[in-house]
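Residues per chain are reported as follows:
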2 protein chains.
Amino acid sequence: MNIRFYNAKILLPGTGHTFQLIEGELWVKGNRIVYIGDGTDTSRIYEHVEPEGILWDRQIDVGKNVLMSGFKDAHTHSAMTFLRSYADDLPLQEWLTQQVFPKEALLKEDDIYWLCKLGIMEYLTSGITSNFDMYFAPLPGARASSDCGFRTVFTSGLNDFCESLEEVEDLYHKINAMSDLTSFKLGFHAEYTTSLKLLEGMAALADKVRSPVWFHNAETASEVADCKKRYGKTPTQLAESLGMYAYGGGGYHCIYFEEEDFEIFKKRRLIAVTNPASNLKLASGIAPVKRFLDEKIPVAIGTDGPASNNCLDMFREMFLVTGLAKVKEQDAACVPAEEVLYMATTGGAEAMGLSDCDSLAEGKLADLILIDLKQPNMQPENDFVKNIVYSGSKQNVLLTMVNGEILYEKQKFFIGVSAEEVYRHVNEIIERMRT
Amino acid sequence: MNIRFYNAKILLPGTGHTFQLIEGELWVKGNRIVYIGDGTDTSRIYEHVEPEGILWDRQIDVGKNVLMSGFKDAHTHSAMTFLRSYADDLPLQEWLTQQVFPKEALLKEDDIYWLCKLGIMEYLTSGITSNFDMYFAPLPGARASSDCGFRTVFTSGLNDFCESLEEVEDLYHKINAMSDLTSFKLGFHAEYTTSLKLLEGMAALADKVRSPVWFHNAETASEVADCKKRYGKTPTQLAESLGMYAYGGGGYHCIYFEEEDFEIFKKRRLIAVTNPASNLKLASGIAPVKRFLDEKIPVAIGTDGPASNNCLDMFREMFLVTGLAKVKEQDAACVPAEEVLYMATTGGAEAMGLSDCDSLAEGKLADLILIDLKQPNMQPENDFVKNIVYSGSKQNVLLTMVNGEILYEKQKFFIGVSAEEVYRHVNEIIERMRT
């Protein structure tokens, strides 16, 4: 689409992990941002214009609201929407083995397709323009993202009970080739669900295809203790000793880290994805986010799956990242708002390998959102970054654009299927599970 | 207004702290709910109908969405909207003495009026139908609530620097007589800002007017330690020893409680108001909510003021109440969703003395909200109570009614003044503060 946003405030990257707000216009041509400026600099404008001028599909008066880069949800399991509010108030291991795994075994490919679409719809309502999805069967999810026009980076969830190394290698090539909107990184579920043989195979495959490797890492204290009993090493140390991190990657959750784990993350420039709402709801713990920042270990933010959160809302996560750090460190000044907004946008893009849509800039992919300042929670207009991190909410998301296409605007979805159709499918699936 | 809601799901109180969802109709006549049922029980219907039948102002097809009791925000400082995102990332004492108090000293009465209106607007977006507001100058706030048609229970914020006991007694009578929408309970700011002489006077006044007493209690560890140094007692023990609780009341925050404090709360049936987002943001700590429930001490939920939260959102608070309890107790099963929803509705009403609008029932005041289930975060429809506590968001609030009047519907406000006018005023106030 060729879209001209005008009369806008535009949130641009500043130096380091800061932001700057300018006033002006942002032009999208096809799937890319071709111009950001005050709209008067004609020499810069005309280089992007056809001889006859750009033919605008739409010109949108932004009404002095804020255009910013879309959020990147750096750890999800979209298909688990079906278990939202189904099996709550249980500890992680019981929840996983007695509720999640048995119900997931009943899922058909087509179920996963519809359940992922529901997840994508919720991402859009929260201004999330791409997600980093681990699931044991990623192909129907990739089809859902591609059909909706949504950007998803997948990672395999290899473990002893599903997927083989051969399947993972096959998925790696298939999904990376499938569409501009989908890509694939290597991953396994977690140390405690994956045999040493498979872990060694994963390390070899990472070396072969030159992929980073991701897994659930140090989510609970018992997970780390058990791993040390088995191997005399934490999950991070084990992965490092197996040569898993030659091409980078990182961990989801990353709560119970030892000194050497921080060292390995620093040395390899691995990325810690924090999942605060899930870590509260499953009583897992509070991640050492301030320490990650102090060590200059990059941090990204994920909602985790809708069965353990239960919503897919980057606003809630952003508040929690800073709020939990503050109470954990007993320091109300730590992990300030700008750092958090950086994690939720550029930090997430770094985790997912999406350097082409990590911020708003000319030439980058048009993955952006429009934030309504004319809501009481954004008033007075003291400080936009603080307002959005401490007070922002889904109701502030006026528009979500992925790859140059508007997929969500004024609470309506433009993803090739009606909301009602998606709701009907997912309710049928859970009805079937119950019987 | 005479309004017929039909084709609705209606959330009614169950036994104890549970809820039940029925399908049917809810009728509002004037400011009261006159009928809840399936709309076919004509004998019950006709007792509420004039000879010529009720003349409906509106008949609203609820589309199988959920009507429920409005949320009660049991601890607020509405006027502090002006400091939202102004002085963040500071510890409580520094924030209070170096930022809040000096800026508040610059406020004029009319400023407080407009700042409270902004707070009321945000409450409405979050389905909050009444708030329990402590502020040193409550009269302009009471005027704002009354002019907007919003329900507010005020409490004095007596301390060594503002208000006298005579002024508090005067406010008590004035605000309780002012309008059906405003009432007043006694309160002082906190032990650490109030001399023993004033505290004794407050106890005598409570006895005289037979009011419960409220104050910030055990918000930080140092507050409790300092109080013990001064008096050899915690704030709760001190208040009890002064005879402050003869007519009940309770505390805001209630984080650092000793055994005897729990005993006093039980014995006096005092109410603990928890403020989880504020307690994170100011690094104060995590309240012992599970223990309160175990001891059968009633709990209510408050957002605290917008300078320390920074948003006024009961959905975020509800998730935090259960999430923080789970991680604090290392027990993912504790403080389940129904308990939290009870705290946010009936529990809050109990704290505020609003037994006439604490739940949906025939004869009660029509303080209610309409929740949109046709949003991805409410799908699939596994369990409404869990969906709303774990996944709910401001964008699910379709309509907020207070005292039988619709004050907010489909993101529009009906409070006698335009949103733009309120935003203009509050931005002017903060501009003036800056210079």
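Here the structure is a predicted model, which means the values were calculated and not measured. (Residues numbered from 1 in each chain as written. Chains lettered and ligands numbered in written order. Predicted model: local features only at pLDDT ≥ 70, side-chain atom pairs only at ≥ 80, totals over all residues. Heavy atoms only, no water.)

J.: Which residues make up unusual backbone geometry, and what values go with them?
T.: The general pattern is negative phi for most residues beyond glycine and trans for most peptide bonds. The omega angle of the peptide bond from Asn 309 of chain A to Asn 310 of chain A is 5°, so this bond is cis rather than trans. Note that Asn 310 of chain A resides in the loop between strand S13 (299–301) and helix H12 (314–329). The omega angle of the peptide bond from Gln 379 of chain B to Pro 380 of chain B is -10°, so this bond is cis rather than trans. Along the chain, the position of Pro 380 of chain B falls in the loop between strand S14 (368–371) and helix H14 (384–391). Even without being a glycine, Glu 163 of chain A presents a positive backbone phi close to 65°. You can see Glu 163 of chain A is positioned in the loop between strand S8 (151–156) and helix H5 (165–178). Here Glu 163 of chain A falls in the buried class, since its relative accessible area comes to 13%. (Helix = DSSP H or I, 4+ residues; strand = E, 2+ residues; numbered from the N terminus. Buried < 20%, exposed > 50% of the residue type's maximum accessible area, 1.4 Å probe, protein only.)

J.: Can you explain the sheet that holds strand S12 (residues 271–274) of chain B? Please cite residues and give values.
T.: Residues and elements named next belong to chain B. Sheet architecture is open: eight strands sit in the order S6-S7-S8-S9-S10-S11-S12-S13, paired in parallel fashion. The open sheet is flanked by strand S6 (71–76) and strand S13 (299–301), the only strands paired with a single partner. Recorded for the sheet is a direction-independent mean angle of 25° between the axes of neighbouring strands. Sitting on the sheet, helix H6 (residues 196–209) is in contact with strand S9 (182–190) and strand S10 (213–217), with an inclination near 160° to S9. (Pairing = 2+ DSSP bridges. Axes fitted to C-alpha atoms, helices over the stretch in contact; angles between N-to-C directions. Contact = heavy atoms within 4.5 Å.)

J.: Which residues make up the domain arrangement of chain A, and what values go with them?
T.: Residues and elements named next belong to chain A. Under the domain assignment used here, chain A contains domain 1 (3–69 + 357–413) and domain 2 (71–356). Inter-centroid distance (C-alpha atoms) of domain 1 to domain 2 is 28 Å. Contacts between the two partners involve 34 residues from domain 1 and, on the opposite side, 35 residues from domain 2. In total, domain 1 and domain 2 occlude about 3,000 Å² of area from one another, counting both sides; carbon and sulfur atoms represent 64% of this. (Domains from an automatic or database assignment. Buried area = accessible area lost by both parts, 1.4 Å probe.)

J.: Can you lay out the relation of the copies chain B and chain A for me, pointing to particular residues and giving the numbers?
T.: Once chain B is rotated about the relating axis by 180° and shifted along it by 0.0 Å, it coincides with chain A to within an RMSD of 0.0 Å. In short, the pair behaves as if placed about a two-fold rotation axis. Ranked by how close their C-alpha atoms come to the rotation axis, the residues of chain B are headed by Gln 395 of chain B, at 2.4 Å. Taken as a fraction of all interface residues of chain B, those also at the interface in chain A reach 100%, which identifies the copy contact as same-surface. (Least-squares fit on C-alpha atoms with pLDDT ≥ 70 in both.)

J.: So, the UniProt feature "domain: Amidohydrolase-related" (unreviewed entry) in chain A: which residues are in play, and what are the values?
T.: Feature annotation in UniProt assigns "domain: Amidohydrolase-related" (unreviewed entry) to the following positions: residues 67–406 of chain A. Structurally, residues 67–406 of chain A comprises 44% helix and 18% strand, and the distance from its first C-alpha atom to its last is 13 Å. (UniProt positions renumbered as here; feature names shortened; annotations may be inferred.)

J.: Which residues make up helix H9 (residues 259–268) of chain B, and what values go with them?
T.: Residue and element names in this part refer to chain B. Among all positions in H9, only Asp 261, Phe 262, Ile 264 and Phe 265 are buried. Down the axis of H9, the smallest arc covering the buried residues is 160°, so these residues share one side. Across from the buried face of H9, at angles greater than 90 degrees, the exposed residues are Glu 259 and Lys 267. Summarising the contacts, the buried residues of H9 are in contact with S10, helix H8 (235–241), strand S11 (249–253), S12 and helix H11 (289–294). Within two residues after H9, Arg 269 carries a phi angle of roughly 50°, on the positive side. (Arc of directions from axis to C-beta.)

J.: Describe the interface of chain B and chain A, naming the residues involved and giving the relevant values.
T.: Reports often express the size of an interface as the amount of accessible area lost when the parts come together. Chain B puts 61 residues into the contact, and the matching count from chain A is 61 residues. On the chain B side of the contact with chain A, Asp 89, Pro 376 and Asn 382 of chain B bury the most area, a combined 13% of that side's loss. Our enumeration of links across chain B and chain A arrives at zero salt bridges. Our count for the contact surface shared by chain B and chain A stands at 20 residue pairs in polar contact (both at pLDDT 80 or more). Mapped onto the side of chain B that touches chain A, the elements with two or more residues apiece are helix H3 (109–125), helix H10 (276–281), helix H12 (314–329), H14 and helix H15 (419–434) of chain B. (Salt bridge = Lys/Arg side-chain N within 4 Å of Asp/Glu carboxyl O. Polar contact = N/O pair within 3.5 Å; in protein donor to acceptor, adjacent residues only side chain to side chain.)

J.: Describe the pattern of salt bridges, with residues and values.
T.: Per the stated rule, a full pass over the model turns up 48 salt bridges over all chains. Residue Glu 295 of chain B is joined to Lys 266 of chain B by a salt bridge in which the shortest nitrogen-to-oxygen separation is 2.9 Å. Highlighted residues: Glu 295 of chain B in the loop between H11 and S13 and Lys 266 of chain B in helix H9, separated in sequence by 29 residues. Lys 266 of chain B gets classed as partly exposed once you look at its relative accessible area, which sits at 38%. Arg 424 of chain B is the partner of Glu 428 of chain B in a salt bridge, and the nearest nitrogen-oxygen pair spans 3.0 Å. In this pair, Glu 428 of chain B and Arg 424 of chain B both sit in helix H15, four residues apart, roughly one turn of the helix. Overall, Glu 428 of chain B belongs to the partly exposed group, its relative accessible area being 42%. One network of salt bridges, with partners in common, ties together Glu 259, Lys 266, Arg 291 and Glu 295 of chain A.

J.: Describe the environment of Phe 184 of chain B, with residues and values.
T.: Residues and elements named next belong to chain B. Considering the arrangement of structural elements, one finds Phe 184 in strand S9. A relative accessible area of 2% means that Phe 184 is categorised as buried. Separated by 169 residues in sequence, Phe 184 and Gly 353 have C-alpha atoms that sit 9.8 Å apart. Apart from the residues within four sequence positions on either side, Phe 184 is in contact with Pro 138, Phe 154, Thr 155, Ser 156, Val 168, Leu 171, Tyr 172, Ile 175 and Asn 176.

J.: Can you lay out the sheet that holds S13 of chain A for me, pointing to particular residues and giving the numbers?
T.: Residue and element names in this part refer to chain A. Taken in spatial order, the eight strands make up an open sheet running S6-S7-S8-S9-S10-S11-S12-S13, and their pairing is parallel. Every interior strand has two partners, whereas the edge strands, strand S6 (71–76) and S13, have only one. When strand polarity is set aside, the average angle formed by the axes of neighbouring strands in this sheet is 25°. For strand S10 (residues 213–217) and strand S11 (residues 249–253), the ladder comprises five bridges, and the chain directions are parallel. Each bridged residue has a counterpart across the sheet, and for His 216 the counterpart in S11 is Tyr 252. Along the sheet face, helix H6 (residues 196–209) touches S8, strand S9 (182–190) and S10 and points at about 160° away from the line of S9.

J.: Any details on the pairing of S6 of chain A? Residues and values, ideally.
T.: Residue and element names in this part refer to chain A. With six of six residues buried, S6 is to be regarded as a mostly interior element. The sheet contact formed by S6 and strand S7 (residues 128–135) spans four bridges and is parallel. The residue of S7 that forms the bridge with Thr 76 is Asp 133.

J.: Describe the pairing of S9 of chain B, with residues and values.
T.: Along a regular strand, successive side chains alternate from one face of the sheet to the other. All names here are of chain B. With respect to burial, S9 is a largely interior element, nine of its nine residues being buried. The sheet contact formed by strand S8 (residues 151–155) and S9 spans four bridges and is parallel. Residue pairing across strands places Val 153 opposite Ser 183, the latter belonging to S9. Where S9 meets S10, three bridges bridge the pair, whose relative direction is parallel. The residue bridging Gly 187 from the neighbouring strand is Trp 214, located in S10.

J.: Talk me through the side chain of Thr 322 of chain B; I want residue IDs and the actual numbers.
T.: Mapping Thr 322 of chain B onto the fold places it in helix H12. The residues contacting Thr 322 of chain B, other than those within four sequence positions of it, are Cys 334, Val 335, Val 340, Val 389 and Tyr 390 of chain B.

J.: Which residues make up the packing of H5 of chain A against H6 of chain A, and what are the values?
T.: A pair of packed helices is characterised by two quantities: the angle between their axes and the separation of those axes. Residues and elements named next belong to chain A. Closest axis-to-axis distance for the H5/H6 pair is 10 Å, and the angle between their directions is 30°. In terms of their interaxial angle, H5 and H6 are classed as roughly parallel. H6 is crossed by H5, and the crossing has right-handed handedness. Residues Leu 165, Val 168, Glu 169, Tyr 172 and His 173 of H5 form the contact with H6, whose own contacting residues are Leu 198, Gly 201, Met 202, Leu 205, Lys 208 and Val 209. (Parallel < 35°, antiparallel > 145°, perpendicular 65-115°, else oblique. Left-handed = near helix turned anticlockwise from the far one by under 90°.)

J.: Pulling in residues and values, what's your account of the side chain of Asn 377 of chain A?
T.: Structurally, Asn 377 of chain A can be placed in the loop between strand S14 (368–371) and helix H14 (384–391). Asn 377 of chain A gets classed as buried once you look at its relative accessible area, which sits at 0%. Within the local environment of Asn 377 of chain A, its side chain forms a polar contact with the side chain of Asn 396 of chain A, the two groups lying 2.7 Å apart. Residues contacting Asn 377 of chain A, with those up to four places away along its chain left out, are Asn 387, Ser 391, Gly 392, Ser 393, Gln 395 and Asn 396 of chain A together with Arg 84, Glu 122 and Lys 394 of chain B.

J.: Can you tell me about the packing of helix H13 (residues 337–352) of chain A against H14 of chain A, naming the residues and giving the values?
T.: Residue and element names in this part refer to chain A. For the pair H13 and H14, the least separation of the axes is 9 Å and the interaxial angle reads 70°. One finds that H13 runs roughly perpendicular with respect to H14. Residues Ala 337, Glu 338, Val 340 and Leu 341 of H13 form the contact with H14, whose own contacting residues are Val 385, Lys 386, Ile 388, Val 389 and Tyr 390. Tallied by class, residues from the contact of H13 with H14 come to seven nonpolar, no polar and two charged. (Nonpolar A, V, L, I, M, F, W, Y, C, P; charged D, E, K, R; others polar.)

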